There are 2 protein chains.
Amino acid sequence: MDSSTEEKIYEAARKIFVLKGMEGARMQEIADEAGMNKALLHYYFRSKENLFKAVFKDIFSKFFTRVKGTLLSEITAKEKLGIFIDNYIDLIAANPYVPQFIINEINRDPKVLKSLMFESGIEPQKILGMFLHEVESANGTKLDPRHIVVSLLGMLIFPFAGRPLLQMIYFNDDVEAYNQFLNERKTIVKNMILKFIEA
Amino acid sequence: MDSSTEEKIYEAARKIFVLKGMEGARMQEIADEAGMNKALLHYYFRSKENLFKAVFKDIFSKFFTRVKGTLLSEITAKEKLGIFIDNYIDLIAANPYVPQFIINEINRDPKVLKSLMFESGIEPQKILGMFLHEVESANGTKLDPRHIVVSLLGMLIFPFAGRPLLQMIYFNDDVEAYNQFLNERKTIVKNMILKFIEA
DNA sequence: CTTTGGTTTAACCGTTTGGTTAATTTACGA
DNA sequence: TCGTAAATTAACCAAACGGTTAAACCAAAG
């Protein structure tokens, strides 16, 4: 660990905030996680809200930036959908609590959304707008593409957000079986979306 | 308001807990919402955790009981799916924060899940098991029905959980337009699921 | 009217919380 | 080697928190 103190604080804060949310997180816990005195958090970031905003803004923009990369490759719309689904599932699998974290914090304080999107540099409207366009050209504007996007995101996020419930009810708390189930979803979701768009 | 003191506390607690979660809720805020002294909350329910458990257990079991009712009618599997989707969307529309609340609290403390299901009387496994059976007989066991159920629930819940984000990005914060979008989803989701199962 | 028991309240308590401060340590250029 | 500014710490603070308590209130039984 040769990263700077500020970076250590930031990474510890990210971990704790994503796991417990703004209200559930404690400054002392973040300090412990970073292995240093609590006062240092206030030395580098003035307040808890400041630290949280820095973390949240970064997670928010990075998440959408990753999505953007997926949608910029030069292939057909349907291929893009397939690649998007693969990459998005991998992205959530690597950060399983992030989507739910983003949803929770936006619901907790929806006011920050506008300034957040502006300050984050990237504009989700354009990214998701690109996505809408992919869907639109794939199904020939027969359907409202917003329904496709919402269905797609719901199908991708829910198995992660509802994991404790689903894993227990359907998989007898077998972690490996559930991981395989999550992998299978790439194919399943692709088939569902494409079948619906084509028909 | 001629309901008893205990009922008033309970309803206030339900409202605040669902809106802000266990950690975000304050006993004083619940007392204010109920229009009475904070000490009364401890007089009727011993502790915050007690009060929360009572509320959560009740919400959890009522939500699954409602789902159960939908699946018990005597019609074909495909018809049941359609009716289930209609009723489930109406149910969430009447309690838009409940699914996310349940998901959050289960993630926060997954240990309580088992005892919760046991104490709540109804067993989600059986209810969702019934649902699996409907899906199974509708698609002739060609697909793992668990994927269908997870997709279906994700498609139904996500537009409510992600509302602030989706409403802003796709509907310019037009509340009425988003409400109409939510209504359209009944048809859309039905078509998606049925098309996928039949094919 | 008085007593009795459940109900309600204001005031209080100990702990935890985010945040501050003054002093100490460290890094490093003059 | 010294001096200085940044970095780090222990100790502290006020406010907010969940929870308690003792007294006041109130309805019903005697």
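None of these values were measured; they are calculated from a predicted model.

A word on the overall build of chain A
If you tally the helices and strands in chain A, you get 11 helices and zero strands. Overall, chain A shows an N-to-C arrangement of helices and strands of α-α-α-α-α-α-α-α-α-α-α. Put simply, chain A has 199 residues, and 51% of those count as buried. Excluding contacts between residues fewer than 6 apart, the proportion of contacts in chain A whose partners are at least 24 apart in sequence is 68%.

Points about the protein's contact with DNA strand D
The full set close to DNA strand D counts 15 residues, and Tyr43(A), Tyr44(A), Arg26(B), Lys38(B) and Lys48(B) are the nearest of them. Take Asn37(A): an N or O atom from its main chain is 3.1 Å from a phosphate oxygen of DNA strand D. Separating a phosphate oxygen of DNA strand D from a backbone N or O atom of Met27(B) is a distance of 3.1 Å. The element contributing the most residues to the surface near DNA strand D is helix H3 (residues 38-44) of chain A, with four residues.

Quick notes on the pattern of salt bridges
Under the counting rule described, the total for this entry stands at 20 salt bridges over all chains. Note that Asp144(A) is salt-bridged to Arg146(A), the shortest N-O span being 3.2 Å. A relative accessible area of 23% places Asp144(A) in the partly exposed class. Classification of Arg146(A) by relative accessible area gives partly exposed; the value is 24%. Residue Lys114(B) is joined to Asp173(A) by a salt bridge in which the shortest nitrogen-to-oxygen separation is 3.6 Å. In this pair, Lys114(B) is assigned in helix H7 (residues 112-119) and Asp173(A) in the loop between helix H10 (163-171) and helix H11 (175-198), connecting two distinct chains.

Topic: the protein's contact with DNA strand C
Surveying the vicinity of DNA strand C reveals 15 residues, the closest of which are Lys38(A), Lys48(A), Thr5(B), Tyr43(B) and Tyr44(B). Here, DNA strand C places atoms within 4 Å of the protein, and 61% of those atoms are sugar or phosphate. Lys38(A) has a polar side-chain atom sitting 2.4 Å from a base oxygen of DNA strand C. Between DNA strand C and Thr5(B), the relevant distance is 2.9 Å, taken from a phosphate oxygen to a side-chain nitrogen or oxygen of the residue. Only H3 of chain A together with helix H3 (38-44) of chain B provide two or more residues apiece to the surface near DNA strand C. Split by residue class, the surface near DNA strand C holds eight nonpolar, four polar and three charged.

Notes on the relation of the copies chain A and chain B
Screw-axis analysis of chain A against chain B gives a translation of 0.0 Å along the axis, an RMSD of 0.1 Å, and a rotation angle of 180 degrees. Here the two chains are linked by the operation of a two-fold rotation axis. Looking at the rotation axis and the C-alpha trace of chain A, the residue lying nearest is Gly154(A), at 2.2 Å. Of the residues that chain A buries at the interface, 100% are likewise interface residues in chain B, meaning the two copies contact each other through the same surface.

What to know about the interface of chain A and chain B
Each partner contributes residues to the interface: chain A has 51 residues there, and chain B has 51 residues. Roughly 4800 Å² is buried in total at the junction of chain A and chain B, and carbon and sulfur atoms are behind 74% of that figure. Linking chain A with chain B are two salt bridges, by the criterion used here. At the junction of chain A and chain B, the tally comes to 13 residue pairs in polar contact (both at pLDDT 80 or more).

Describing helix H6 (residues 98-108) of chain B
Burial within H6(B) is extensive, with eight of its 11 residues counted as buried. When we look at burial in H6(B), the residues that qualify are Val98(B), Pro99(B), Gln100(B), Phe101(B), Ile102(B), Ile103(B), Glu105(B) and Ile106(B).

Some points on helix H1 (residues 5-24) of chain A
Over its 20 residues, H1(A) extends only 23 Å from the first C-alpha to the last, a length that falls short of the 28 Å expected when each residue adds 1.5 Å. Residue Val18(A) marks the point of greatest curvature in H1(A), where the axis turns by about 80 degrees. When H1(A) is considered as a whole, its buried residues turn out to be Ile9(A), Tyr10(A), Ala12(A), Ala13(A), Ile16(A), Phe17(A), Val18(A), Gly21(A), Met22(A) and Gly24(A). Contact partners of the buried residues in H1(A): helix H2 (27-34), H3, helix H4 (48-71) and helix H6 (98-108) of chain A together with helix H1 (5-24) of chain B.

Points about the domain arrangement of chain A
Residue and element names in this part refer to chain A. When cut into domains, chain A gives domain 1 (1-46) and domain 2 (56-198). Using C-alpha coordinates to define each centre, domain 1 is positioned 28 Å away from domain 2. The partner domain 2 presents eight residues to the eight residues of domain 1 that form the contact. Across the domain 1/domain 2 interface, buried area totals approximately 700 Å², and carbon plus sulfur atoms make up 61% of it. At the boundary of domain 1 and domain 2, one finds two residue pairs in polar contact (both at pLDDT 80 or more).

Details of the environment of Thr76(A)
Residue and element names in this part refer to chain A. Within the element layout of this structure, Thr 76 appears in the loop between H4 and helix H5 (77-94). We classify Thr 76 as partly exposed; its relative accessible area is 47%. Each C-alpha atom of the pair Thr 76 and His 147 lies 21 Å from the other, and the pair is 71 residues apart in sequence.

Considering the side chain of Arg185(B)
Locating Arg185(B) in the fold gives a position in helix H11 (residues 175-198). Although Arg185(B) is buried, it forms no salt bridge, and the closest oppositely charged side chain is Glu184(B) at an N-O distance of 7.8 Å. Only 3.0 Å separates the side chain of Arg185(B) from the side chain of His147(A), close enough to count as a polar contact.

Conventions we followed
- Sequence positions are assigned chain by chain, starting from 1 and proceeding in written order.
- The lettering of chains begins at A and the numbering of ligands begins at 1, in the order of writing.
- Only residues with pLDDT of at least 70 are given local features in this predicted model, and only at 80 or more are side-chain atom pairs given and counted; all residues enter the totals for whole chains, interfaces and linings.
- Heavy atoms from the whole structure form the basis of all side-chain values; hydrogens and water molecules are not counted.
- Strands here are runs of E lasting at least two residues and helices are runs of H or I lasting at least four, both read from the DSSP assignment and numbered beginning at the N terminus.
- Exposure classes here rest on a 1.4 Å probe applied to the protein chains alone. A residue is buried below 20% of its type maximum, exposed above 50%, and partly exposed in between.
- When checking whether two residues touch, look at their non-hydrogen atoms; a contact exists if any pair is within 4.5 Å.
- We call a residue near a molecule or strand as soon as one heavy atom of that residue lies within 4 Å of the molecule or strand.
- Each polar contact in these results corresponds to two N or O atoms within 3.5 Å; when the atoms are within protein, one needs to be able to donate a hydrogen and the other to accept it, and residues that are neighboring in sequence are counted only if both atoms are side-chain atoms.
- Salt bridges, as used here, are contacts in which a Lys or Arg side-chain nitrogen is within 4 Å of a carboxyl oxygen on Asp or Glu.
- Classification used: nonpolar for Ala, Val, Leu, Ile, Met, Phe, Trp, Tyr, Cys and Pro, charged for Asp, Glu, Lys and Arg, polar for all others including Gly.
- We place the copies in one frame by least squares, fitting the C-alpha atoms of every residue whose pLDDT is at least 70 in both.
- Buried surface area refers to the total accessible area, computed with a probe of radius 1.4 Å, that the two partners give up upon joining, counted for both partners together.
- Multiplying 1.5 Å by the helix residue count minus one yields the expected span of that helix.
- A residue's bend is the angle separating two fitted axes: one through the seven residues that end there, the other through the seven that start there.
- An automatic or database domain assignment is the source of the domain bounds shown.
- Only four residue types enter the tally: Lys and Arg on the positive side, Asp and Glu on the negative side, with His and both chain ends excluded.

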